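Topology and contacts: notes
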Amino acid sequence: MKISIAPLLRALLLATVLLSALPGCTSVDRATLVDTPPVPPTAPVPSTQPASSDTPASGAVDAEPAASGDSTVQGALDAAIPLADDIRAGRLDNGLAYFIRVNEKPEQRAELRLAVDAGSLFEDEDQLGMAHFVEHMAFNGTENFEKQQLIDYLQRIGMRFGADINAYTSFDETAYFLTVPTDDSDALEKAFMILGDWAGGVAFDAEEIEKERGVILEEWRRSQGAGSRLWERQAPLVLRGSRYADRLPIGTVESIETSTPEAIRRYYESWYRPDLMAVIAVGDFDPEQIEALIHEHLGDLEPPRDAPARPDYPVPLHEETLTGIFTDPELTSTGVTVVYKHPVEDGTTYGAYRDSLVEGLYNLMTNARLSEVAQRAEPPFVTAFSGGGRLVRASYFYQLDARVQDGGVLGGLEALLREVERIDRHGFTDAELERAKASLLRTYEQLDRERQQQPSASFAAELLRHFLQDESVPGIALEADLARRFLPGIELTEVNQLGRAWITDENRVVLVTGPEKDDLELPTESELLAVFDRVAAADLEPWVDEASDQPLLAEAPTPGTIIAESTDDTVGITEWQLSNGARVLIKPTEFKDDQILLSAWSPGGHSLVDDEDFVSATFATTILGQSGLGDLSVVALRKKLAGKVATVSPFLAELEEGLSGSASPDDVETMLQLLYLHMTAPRLDLDAYQNLQTRFAAVLENRSKDPATVFNDAVTEALSQGHPRREPVTVETLPKIDPERALAVYRDRFADASDFTFTFVGAVDLDALRPLVETYLASLPSLARAESWADVGVRRPDGIVRVEVEKGLEPKATLQMVFHGRDDWSRDHLFDLEVLARVLEIRIIERIREELGAIYGGRVASSFESRPIDRHSVSIQFTCDPEKVEMLIDELKSEIGRIQADGPTPDVVEKVRENLRRQRQVDLQENRFWTRAIETYDSQGLDLALILAYDELLERVTPEQVQATARDFIDLERYVVGVLVPEATAAAAVGAASGAGESGATAHPTLD
């Protein structure tokens, strides 16, 4: 279960996107802070709710969508958008609303939601955090399921805790999620019984309440860090004068520890009532049956008597500009954000939908300009964006944000404001508008083509927003029709004027964030405000939009040929052998009408590169990716591809090089042209390289301030025994990069197509693909090199190695145990290890979370490699109280020891088997699964028909096999254990290590 706090600012919780481009860097896991990635919308997100394909969508707009004062047009624009025809909506006599939609993707599944239109905002003073506490208790005993029986039952029908069974609590609302099979009538009926229990039959057993306090405290603990500290300091400023600032959903440590059962029950009885609830059901089922189940299991809920009306709590507006300068010792970047608060407007009419298209165009074009500015050799900011949305339900927040180098706040803010001021004065160009319209329209068209293949979870999420936030749900067909009608009539003048409505002198908040360090001086309030005055008085020239008329390829290459062809009818995969030695594997599917996935690989990678060129090699695809292709810069290339659905990204890994991509069937040729250019015409732009150096330095300068980063580096070093090719990327790494050598390595790795295998999965027409493959793949250069990867000698340590890191301010420890060994790789062993990991995951939840209340959640992952050597690992990681680290290490080892000695219980094994069986049903309907599976099986030399032979693997899932796997693959005398504790409690938390009975080398002294 989660706390959902809509993101205040990208600056608070997001590391810069450049982190994902750095080899060896891992982006921050933000799931502990927010439920959804806080990425601001740059365009309206089209509905994923299709209208009926058999009848016209109701409420279609017949008037021409021009910005006109004509009363007929205005009348149409003022009309409310109806609910899509294929949604069955109603309300029970007790006031509970319901929405039902049939959808067959994935087959034999239903997505169920219980929405409660109340969250932490409605807590009394003695109930802080109790909305969230109620949500937890809903999983700990109800009228029909005692204590842990509810989770136990759902796991037995194949559902996974967290993935298929979850909930969240926010300021304004609470929502519960269930994914259940529909080919089991008993499971489907019990699912609605569970919804009914959540709505009106939570038990609130006193013993369970006491046990759950520990779990919630661990959830609070896991969320602690620089982001949460900033949120707590910034929320009172951004939400000044509102109740939101005083009702953070998690509550306080004191309220969690001291809340009374009476206060928890009182919240439930006050706000869990049918007039504030809705049931949402989307899936592969009979709608009549679903409606009957809703009536049966939720129709008896008592309507409220003399219940208080649901109050509205506004966010007050203000004339003056509010400013806040915030530092934190663990922040790794510097940034500035300007937030503009606005009232929430009605978004339910056709006119509002048209307005959302205008807003989308504005943000698309603004962000394109900001991205272009960020590409300059000496960029004023690392990244910047323009976007808006609801931080809380009561307000709309438009924001401008820039990540900058340390010391660059004023310059970054000025550059950001200059660009939006330039738009305000001079507007966008016609070419910019046409590109934005083409891109936006193509998004709608793609969704329209795939409206019958959208997953049920997307529809359910949309209906949840419809109930809670009044989002219109007209269906994709109507939305695409509205986009086709409205977009051509949107004039440049109305888009240009939008910024004036959003960017105002009042209701403005300026926030600066940066690392806390002696040599970083952040600006004062007066200096920040002076930037706004300076930009207002500046002389700004119109934007010069430079776009190239050159085609991607000046001329098509001389085609090669397909010299051999075969088809495996069992799995429906066709293989072509090309005249240049390359192979092509093709799997046509009907899962998506507008998607074709590309994957390509070749043995070698940077394992074949000398040590002195290793760093340059690892940065090669990043450097060249920012340089463009052929004669086109990266900016020109982006503009060239506007309105196209085609991407290709090369990679250079340790053991192989390759490419991945995707395209609409309409744009497959564009995708293959991009692939051809990536392999034959890489481009090195030294200005782009200088830009990357500047931006990388900004990202890396403060990376060691993040405790998780320092910890991960230490564990990686221990696991690799300090191998130089596993060193983290730091500021000191950057001078080692030689862009010319990066280009040379890249050219060498992609110079020979003869050992490449290309796969295409999706809406492939073999006859249409054939001439394109001959033109763009069979024509690739061939050197007929006989090569493979090299073993660079990374080995894991023997014995028990302990890594201790002291870093961090919060009372939070991170524990990671990696059990590893060397055994022969096989398909069976790979599967067996995954089963063991899932068994351990269930037991960790049952024992350490539910019985001991010592963690919020645990992550168990398994891996089994066959290259460069056969080796496997099982990694377990979670956060906990620093004082419980040693106890939990013993618990983990004891649990593994019990499985080795006695095997798991048949009940746990059956849960895992059923979950794997159910998951494979879904996987087989996904293009991405087939892409991964084909590459895995082909690269291992396995018969591709084995992809469909999953039942034989499921037969291996027995207690005896899990016990044998635990004995064979986990050695309790061979593992790496990493412990991260805060400085203040490090000595006490890890002091017991010397008496823990462990032996072996110590990988690190304690690190500061």
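Moving on, we get to the overall build of the chain. For the chain, the helix and strand inventory stands at 33 helices and 24 strands. For a compact globule of 1008 residues, the expected C-alpha radius of gyration is about 30 Å, and the chain comes in at 29 Å, within 12% of that figure. For the chain, the C-alpha atoms occupy an extent of roughly 80 × 80 × 65 Å along the three principal directions. In the chain, which comprises 1008 residues, the proportion classed as buried is 59%.

Sheet analysis places strand 13 (residues 562–568) next to strand 14 (residues 573–578), joined by six bridges and oriented antiparallel. Within strand 14, the position partnered with A564 by the bridge is Q577. The turn joining strand 13 and strand 14, which pair antiparallel and follow one another in sequence, is formed by four residues; a positive phi near 70° is taken by G572. Sheet analysis places strand 14 next to strand 15 (residues 583–588), joined by four bridges and oriented antiparallel. Each residue of the ladder has a partner; that of W576, found in strand 15, is V584.

Across the sheet, five strands lie side by side as 20-24-21-23-22; this open sheet has mixed pairing. Each end of this open sheet is capped by a strand with a single partner; those strands are strand 20 (800–806) and strand 22 (859–865). Taken over all neighbouring pairs, the strand axes of this sheet differ in orientation by 10° on average, direction set aside. Together, strand 20, strand 21 (813–821) and strand 24 (975–981) form the strand contacts of helix 24 (residues 707–720), whose direction differs from that of strand 24 by roughly 160°. Against the sheet, helix 27 (residues 827–851) makes contact with strand 22 and strand 23 (871–880), and its axis sits at roughly 170° relative to strand 22, the strand it touches most.

Another aspect to go through is the confidence of the model for the chain. The share of residues in the chain with pLDDT of 70 or more is 90%, and the mean pLDDT across the chain is 91. Below a pLDDT of 50 lies the segment residues 5–72, which in the model reaches 173 contacts outside its immediate sequence neighbourhood of four places, other chains included. Confidence drops under a pLDDT of 50 for residues 986–1008, and excluding neighbours within four residues, the segment shows 46 contacts in the predicted structure.

Next up on the list: the nonpolar core. A general feature of soluble globular proteins is that nonpolar side chains tend to end up buried together. In terms of nonpolar packing, the biggest core is built from 84 residues, with F139, Y176, L178, F192, W198 and I294 touching the most fellow members. Sorting elements by how many residues they give to this core places helix 5 (residues 185–200) first, with eight residues. Excluding residues within four positions of it along the chain, Y176 makes contact with L112, R113, L114, V116, V134, E135, A138, F139, N166, A167, W198 and Y272. One finds I562, L598, L675 and L700 within the second-largest nonpolar core, a separate group that totals 62 residues.

Across the sheet, seven strands lie side by side as 13-14-15-19-16-18-17; this open sheet has mixed pairing. Looking along the sheet, the strands with just one partner apiece sit at the ends: strand 13 and strand 17 (646–652). Between one strand and the next, the sheet's axes are offset by a mean angle of 15°, whatever the strand orientation. With eight bridges joining them, strand 16 (residues 596–603) and strand 18 (residues 656–663) adopt antiparallel strand pairing. Bridged to L597 within strand 18 is S662. Packed onto the sheet, helix 22 (residues 668–680) meets strand 16, strand 17, strand 18 and strand 19 (757–762) and runs at close to 30° relative to strand 17.

Bringing the packing of helix 27 against helix 28 (residues 885–902) into the picture now. Helix 28 packs onto helix 27 with a crossing angle of 130° between their chain directions and a minimal axis gap of 11 Å. Judged on the interaxial angle alone, helix 28 and helix 27 are oblique. For helix 27 against helix 28, the interelement crossing comes out right-handed. Listed contacts from helix 28 to V839, L840, R843, I844, R847 and I848 of helix 27 are L888, E891, L892, E895, I896 and I899. Here the residues of the contact of helix 27 with helix 28 sort into eight nonpolar, no polar and four charged.

K105 connects to P106 through a cis peptide bond whose omega is -5°. Along the chain, P106 falls in the loop between strand 3 (97–102) and strand 4 (109–116). The step from R867 to P868 runs through a cis peptide bond, and the omega angle for that step is 0°. Along the chain, P868 turns up in the loop between strand 22 and strand 23. Backbone geometry at K147 places phi at a positive 45°, although glycine is not the residue there. Mapped onto the elements of the fold, K147 is located in the loop between helix 3 (130–137) and helix 4 (149–156). If you check the backbone angles, D306 has positive phi at about 55° while not being a glycine. With respect to the helices and strands, the residue D306 is situated in the loop between helix 10 (287–298) and strand 8 (322–328).

Tallying each qualifying case throughout the model produces 85 salt bridges. The closest approach of N and O atoms between D881 and R221, which form a salt bridge, is 3.8 Å. With a gap of 660 residues between them, D881 in the loop between strand 23 and helix 28 and R221 in helix 6 (residues 206–223) connect regions that are remote in the sequence. A relative accessible area of 10% means that R221 is categorised as buried. For R534, the salt bridge goes to E414, with nearest N and O atoms at 3.2 Å. With R534 in helix 18 (residues 525–537) and E414 in helix 12 (residues 409–426), this pair connects stretches of sequence that are 120 residues apart.

Another aspect to go through is the packing of aromatic side chains. Any two aromatic rings considered together are summarised by their centre-to-centre distance and by the angle between their planes. By the definition in use, this model includes 25 aromatic pairs. Ring plane angle 65° and centroid distance 5.5 Å describe the contact between F619 and F696, whose orientation is recorded as edge-to-face. Of this pair, F619 sits in the loop between helix 19 (614–618) and helix 20 (620–625) while F696 sits in helix 23 (residues 686–700), and the two are 77 residues apart along the sequence. The class for F619 is buried, based on a relative accessible area of 0%. For the ring pair F819 and Y975, a centre distance of 5.2 Å and an interplane angle of 50° mean the geometry is tilted. In this pair, F819 is assigned in strand 21 and Y975 in strand 24, connecting sequence segments 156 residues apart. Judged by relative accessible area, F819 falls into the buried class, the value being 1%. A network of ring pairs unites the aromatic residues F139, Y176, W198, F204, Y268 and Y272 as a single cluster. Directly above the ring of F459 sits R101, whose terminal nitrogen or CZ lies 4.2 Å from the centroid.

Analysis parameters
Residues numbered from 1 in each chain as written. Predicted model: local features only at pLDDT ≥ 70, side-chain atom pairs only at ≥ 80, totals over all residues. Heavy atoms only, no water. Helix = DSSP H or I, 4+ residues; strand = E, 2+ residues; numbered from the N terminus. Rg over C-alpha atoms; globule rule 2.2 N^0.38 Å. Buried < 20%, exposed > 50% of the residue type's maximum accessible area, 1.4 Å probe, protein only. Pairing = 2+ DSSP bridges. Axes fitted to C-alpha atoms, helices over the stretch in contact; angles between N-to-C directions. Contact = heavy atoms within 4.5 Å. pLDDT = per-residue confidence, 0-100. Core = buried A, V, L, I, M, F, W, Y, C linked by side-chain atoms within 4.5 Å. Parallel < 35°, antiparallel > 145°, perpendicular 65-115°, else oblique. Left-handed = near helix turned anticlockwise from the far one by under 90°. Nonpolar A, V, L, I, M, F, W, Y, C, P; charged D, E, K, R; others polar. Salt bridge = Lys/Arg side-chain N within 4 Å of Asp/Glu carboxyl O. Phe/Tyr/Trp six-rings, centres within 6.5 Å; stacked < 30°, edge-to-face > 60°. Lys NZ or Arg CZ within 6 Å of the ring centre and 35° of its normal.

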